[in-house]
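Examination of the molecular architecture
Residues per chain are reported as follows:
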Amino acid sequence: MPTAPLTPERLYRKADLSALDFATTAELEHTDRLAGQDRARDALRLGTRIGAPGFNIFAVGSSGARIQRSIKSLLEVAAAERPAASDWVYVNNFAAPHRPTAIRLPRGKAPVFAQAMHDLIDDLKAALPGVFESEAYQTRHGAIDEAIRAKGDTAFSALRDKALARNILILRTPNGFALAPAKDGEVVPPEAFNTWPEEQRKAVETAIHDLEHDLEQTLRGMPRLDKERREAVRALDQETARAAVGQSMEEARATLADLPMVLGHLDAMREDLVQNVHLFIAQPQPPGSGQEETPAPQIAGTPFDRYEVNVFVTPNGQDGVIDESNPTLANLTGRIDHLPIQGALVTNFRLIRAGSLHKANGGTIMLDARNLLTEPLSWPALKRALLRREVRIEDASKIMGFSSILSLEPDPIPLDIKVVLYGDRQLYYLLAEADPDFSQYFKILADFDDDTDRSVDAEAMFARSIAGIATREALPPLDRDAVARVVEFAARATEDANKLTLATETIRDLLVESAYYATDAKRDVIARADVDKAIDEQIRRASRIRERSAETILRDIALIDTAGACVGQINGLSVMSLGGFAFGRPTRITCRVHPGAGRILDIEREVKTGGPSHSKGVLILSGFLAGRYSKDTPISVAASLVFEQSYGGVDGDSASSTELYALLSALSETPLRQDLAVTGSVNQHGMVQAIGGVNDKIEGYFEICKARGLTGTQGVMIPASNVQHLMLRAEVVDACAAGRFAIYPIETIDQGIELLTGLPSTEINAKVEARLKEFAKARRLQDDDEKGTH
Amino acid sequence: MPHHRRLVLGIHHGATSGDLMRHAVEMAHLLGIGIFGVFVEDEALIGVASFPFAREFRLHSHEWHALDTDSVETEFRHAASTAKRLLDTVTQGLGVRSEFQVRRGNPSGVVAALLCSSDIVVLAEPKLGSSGLTQSFLRAWQTACGSDASVLLLPPKRMRPRGSVVALLGGERGVRTAAHIAGLAGETLVLLGSAEQLAGVTVDLPVDRVRGRVLSDLTERALRFALPEGGERLLVLDRDGLSPEREAAVLRVAAARGTPVLLVGPGVAG
C-alpha cells in the first residue's frame, strides 16, 4: 500500500475563535497577560510574598517575549496587597552638615513636612526683623552699648585726665596712639619744646614713659570690652530669638504633631535658628557697596536652605513597581548633584537625588539583567545594597579612584525591596555559573515559556492580547479574520501547529506593519489581507539570500534534479538561518559503495565541515545496516556519503534518513525519484524521527519546483511525527489540494524507500542483502589473495 | 526748599570706614548734591614725630614702635590715597559728583574753616573705642555745631536702608528739609510734636505720605514711644531752639535705634 499524501487540512491548522464573539478587536477586553505561564506566575507570586532576604526573583524568557510587561502586570497585582511604602526626606544635620539626616515619614507626609518647614522659615523671615527692631529689643541693646561705652569712657577719661595732669596729650596716629608734651591743652611744637630746660624736658619724657604703660594697659583692655559687648549682645539676640522662634516653632510642632519622627529635627533646628538668627535680621547691602549678594541658583543659593526639607521619596503616581530601564550606578543608588557657583562645585543636602532603589523601597524594582550587567559598578552595588539591606549613595568616580573630593555622606536608607531581574535564559545560567553570590540574592526563578499550547481558550486569550497590543500601540483594530491570521502566524512562529508563540515583540511588529498597510489601503480596520501583506513583506525583505540560493539551483549551478530517477542520489533538505530569518533549500546527497571493511565514510566529517550531530546520524546508518542485513557476519561494504556542493558546513541529523535512502539505493542499484525531497532522522531500527524546520524545508523545495513548473509528482517526504508541526503557506496548501504537490508522512525507512523507488521494500532489502553478500565474497577473496601473497 | 549744596566729609587718618563713606555718599545721592572729602594731615602729630622719644602704640599689633616724621607723612599719604580711592569708588557707583582734597593742620580747625551754611557736615559717632582718649569726636562735634552748616550724625550701628523720615517739629527748616528728603526717598514723613504743632504744620507732600504723632514732651521715653515701630531711616531736627539736654536725649535715642540724625543748621535758607 503506497503511502498517501497528506490532505490539505493537515497542512495548516486554522485559528478557531469560536470562544469569542467579536467583529473587531475594539470590542474585546484587553489583556497584557498571556496564557500558559502558570509556572512563572506562581514563581512570581511566591517571590513577592516571601519577605525573607534573598528571595528576589530572576524572570527568564526568550529575548523577544517582552516578559517585563507581563511581569509588571503580575507585580502590580502583588503590590496592591502590600502596605504603603514610606516617604523619605533628607534634612540638614545641624551638628554635622556633611552628613545629612534621613527621616522616614508615613506615605504622603513628606511634602506636608517640607511645606510646614518652608512656611515656618517664611514666617520667621517676616517676624524676626520686626522683633529685633522692636522698642524692647532696641532699649536693651542700647543699654548694653551704653554700659560698655561707659566702662570704656571711664577708663579713657581717667587716663586722659592723668595725662593732662602731667601736661601730656594723647594723639591719634595712623596706626594707633602716641603721647606728646602739652601746654594749655595743646601739643607743644618741637621748636618750643627744644627751648625748654633740659630738666623739664626730661620730666616730660619720664611722664610720657610712665603714661605709655597706662596707655598700653588701657588699650589692651579695649578688645576685652568689645568682646564683653559682643557677648552681651549675642546673649540678648539669642534670648530674643529663642522667644520669637519658640512661638513659631510651637505652631509648626502642632501642625506636625502626627509626625513624632521629625520632632528631634525640630529641636535641633530651633537651636540652630537661635544661634544663627543674624541670617534673618541682616539687611541687604545697598547698591554700589560692592557687597551685594551674588545672585545664585535658587536651589542652593540662600542661607535659609539649611532649614528646608529635601523631599527625597514620595508617591508620584507610581504603583509600587519601578521598572528601571537604565540602571546606571547613579540611577540605581542615587546621586549627589553639584552646582557650579563662582567656579567651585558646591552641594548640600537638598541636592541629594533618589535612585530607583530608593523610589522602589517598600515595593518592587524591575531591572533588565543585561542592562544591569553591562553598567559598570551597578551589579556589585545592587548586591551590596541587598546584603546590607540599606542603600548608600555611591560615587562612581570615588569607587574608581578618579576623585577624592570631599562631599556629603548622607545617612543610608534602610532597604526593604523586592528585586526582579528579567532577561534571557542564557544570562541566568551564566550568572548562576559565574557569580557565586548569585543564588544568595536571587532564590526564585520565574521561567517564562516561549510558547503555549494552542487551544480554543488559548486562542481567545491570544486574541485579547492582540487587542491589548493594538490599543497600547494606538493601532487600528483588527477584524476577526485578521486576528485569526495573526493567531496562525503565532503558531507558525513556533514551528508547531499546536503551539502559540509568546514572543510579544514579534506579534507587535507584525501588527504595526499590518496597520501600516491597512492605513495605506485607507482601511479603518486591519484586515487579513493586511496581515498577509505584512508577513509576505517581512519575508521578502529578508529574502535576498534565499533568492540567490534558489537562483543557483534554477540556473543549474547547484545541481538539483526535480524530475527523473537516479541511483545513489537523493534530494535532502536543509535550513539556513540568517539574522533571524530561516529558509529551506534542497541539497543533493550522493552515495557510492564498494567492498570494504564496513565503514561508511562521512565525507563532511573527513573534511571537518560536518558537525557532531551529523556524524552521529551517519554512524547510526552502520548500526541500521548491520542490524538489518548482516546480523551474523561483519558488513563488507565501504560507502561514502556527501552533501554535494555544500561548502558551509553541515550539522544535525535531519538528513540521516535521506542518507540512508541514498545508501540503500547505491547498494541495491535501484534509482531514487528525484522529484521528491526527503527530510527526517532515522534510528538504528529504521524508524523515521522528527526534525526541526519542517515548514521552511517544504517551502524551500516547493519554491524550486514551482519555478521549474509543478509536475504533480513532486513532493516532500517528512517524518510522520512532524505532521503536527505543519503550518504551511497558503500557496503550498493550495498546490497540494490541487494535486500539484504532495507532502508524505513517513514512519519507517521501508515506507520511504518504497515511495522513492516504486518497489516493495522487501525487494529492495533483498537486493541490498544480495549486494552485501557479493561484497562479503569479494572481500573474502581479496583477503585470501593477500594471505597467499604473503 | 532748603539750600544744601554739598556734603562735607572730614577724613582723618584711620578714622574713616567704608560704611561711613558709603552712607555719606548715599545721603548726597538722595539729596542730589555733591560730596566734598577733605583729608586732614594732623600737623601736631607731624611735629610730635620729630621728638626723639616719640613712639606709637599700634592697635593691630599691640606693640610700641618709634615714630619719625617721614614714616608719619608716608602713612598720611597712604591713608589719603586709600580714602580718595574709596570715595571715588562709592561716588562713581552711585553717580554722585565728588571732590577730594588733602590739607594739613588742626583737623577740626581745617574742617571748620571750610564749612558754610549750605553744607552738611558728616560725623560718625564712634563705636566703643578709643576716641575718648583723644576727644577727637567731641572736638569735631563741637566744631560742627559751632558752624552754620547742618550736621549729619551717623550712628555706630548698622543703619536701615529703608524706613520713614521723622521730623521733630520745632523749626520750619527742619520740617521742610525732612519733607524734602522724604519726597526724594519716596518714604513716609512722620512728624513728631505737640498737638498744637501738628495742627499748624503744612508740608509739601501727599497726605497719605504724612503721619503725625503727638509728642507731648521731648524725653527719651516719650520719644521712644512716639517713633515708628518698624524703625526709621532718618531723624531730622532743627538746631534752633533746641536745648542741649533735649538734643542729647534725641541723640541717645537715635544712637540706640541706629538712626542717623540730621541737625539742620541755623544758616540754611528756608
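Residues numbered from 1 in each chain as written. Chains lettered and ligands numbered in written order. Predicted model: local features only at pLDDT ≥ 70, side-chain atom pairs only at ≥ 80, totals over all residues. Heavy atoms only, no water.

Looking only at helices and strands, chain A features 27 helices and 30 strands. When the 790 residues of chain A are sorted by exposure, 50% land in the buried category. Taking as baseline every contact in chain A between residues at least 6 positions apart, the subset at least 24 positions apart corresponds to 78%. Summed over all atoms, the accessible surface of chain A reaches about 36500 Å², with 51% contributed by carbon and sulfur. For chain A, the separation between the mean place of its 91 positive charges and that of its 112 negative charges on side chains is 3 Å. (Helix = DSSP H or I, 4+ residues; strand = E, 2+ residues; numbered from the N terminus. Buried < 20%, exposed > 50% of the residue type's maximum accessible area, 1.4 Å probe, protein only. Contact = heavy atoms within 4.5 Å. Areas by Shrake-Rupley, 256 points an atom, 1.4 Å probe, with all protein chains shown as cover. Lys, Arg positive; Asp, Glu negative; His and termini not counted. Charge placed at Lys NZ, Arg CZ, Asp CG, Glu CD.)

Turning next to the overall build of chain B. Scanning chain B from N- to C-terminus turns up 10 helices and 12 strands. Compactness check: chain B gives a C-alpha radius of gyration of 20 Å against a globular reference of 18 Å for 270 residues, within 12% of the reference. Its C-alpha atoms give chain B principal-axis dimensions of about 65 × 35 × 30 Å. Considering only contacts in chain B between residues 6 or more positions apart, those separated by 24 or more positions represent 73%. Within the structure as shown, chain B displays about 11400 Å² of accessible surface, and the carbon and sulfur contribution to it stands at 50%. When the 29 basic and 29 acidic side-chain charges of chain B are each reduced to a single mean position, those positions are 5 Å apart. (Rg over C-alpha atoms; globule rule 2.2 N^0.38 Å.)

Residue and element names in this part refer to chain A. The five strands lie next to each other as S8-S13-S16-S1-S17, forming an open sheet whose pairing is parallel. In this open sheet, the two strands that pair with only one neighbour each are strand S8 (321-324) and strand S17 (444-447). Looking at each pair of strands side by side, their axes are set apart by 20° on average, direction ignored. The pairing of strand S1 (residues 57-60) with strand S16 (residues 418-423) spans four bridges and is parallel. (Pairing = 2+ DSSP bridges. Axes fitted to C-alpha atoms, helices over the stretch in contact; angles between N-to-C directions.)

All names here are of chain B. The sheet contact formed by strand S9 (residues 189-193) and strand S10 (residues 210-214) spans five bridges and is parallel. Pairing of Leu189 across the sheet is with Val210, part of S10. Each parallel crossover has a hand, and for S9 linked through helix H8 (residues 195-200) to S10 it is right-handed. (Right-handed = clockwise from strand over helix to strand, strands pointing away.)

Moving on to the domain arrangement of chain A. Domains assigned within chain A are domain 1 (14-36 + 451-541), domain 2 (38-100 + 310-448), domain 3 (130-275) and domain 4 (547-785). Of note, the centres of domain 1 of chain A and domain 2 of chain A, computed from C-alpha atoms alone, are 36 Å apart. (Domains from an automatic or database assignment.)

Time to look at the domain arrangement of chain B. All names here are of chain B. When its domains are assigned, chain B resolves into domain 1 (6-154) and domain 2 (164-264). Taking the mean C-alpha position of each, domain 1 and domain 2 sit 28 Å from one another. Contacts between the two partners involve 16 residues from domain 1 and, on the opposite side, 15 residues from domain 2. Here domain 1 meets domain 2 over a buried area of about 1100 Å², counting both sides, of which 65% is carbon and sulfur. Summed over the shared surface of domain 1 and domain 2, the number is zero salt bridges. Elements with a minimum of two residues in the side of domain 1 that touches domain 2: helix H1 (18-31), helix H6 (136-145) and strand S7 (150-154). Among the elements that line the side of domain 1 that touches domain 2, the one with the most residues is S7, at five residues. When its residues are assigned to classes, the side of domain 1 that touches domain 2 shows 12 nonpolar, three polar and one charged. (Buried area = accessible area lost by both parts, 1.4 Å probe. Salt bridge = Lys/Arg side-chain N within 4 Å of Asp/Glu carboxyl O. Nonpolar A, V, L, I, M, F, W, Y, C, P; charged D, E, K, R; others polar.)

Here we come to a nonpolar patch on the surface. Residues and elements named next belong to chain A. A cluster of nonpolar side chains, contributed by Ile399, Met400 and Phe402, occupies part of the molecular surface with about 330 Å² of accessible area. If you trace the backbone, Phe402 turns up in the loop between helix H13 (396-399) and strand S15 (413-414). With relative accessibility at 65%, the residue Phe402 sits in the exposed group. (Patch = residues over 30% accessible without salt bridge, like charges linked within 9 Å, V, L, I, M, F, W, Y side chains within 5 Å.)

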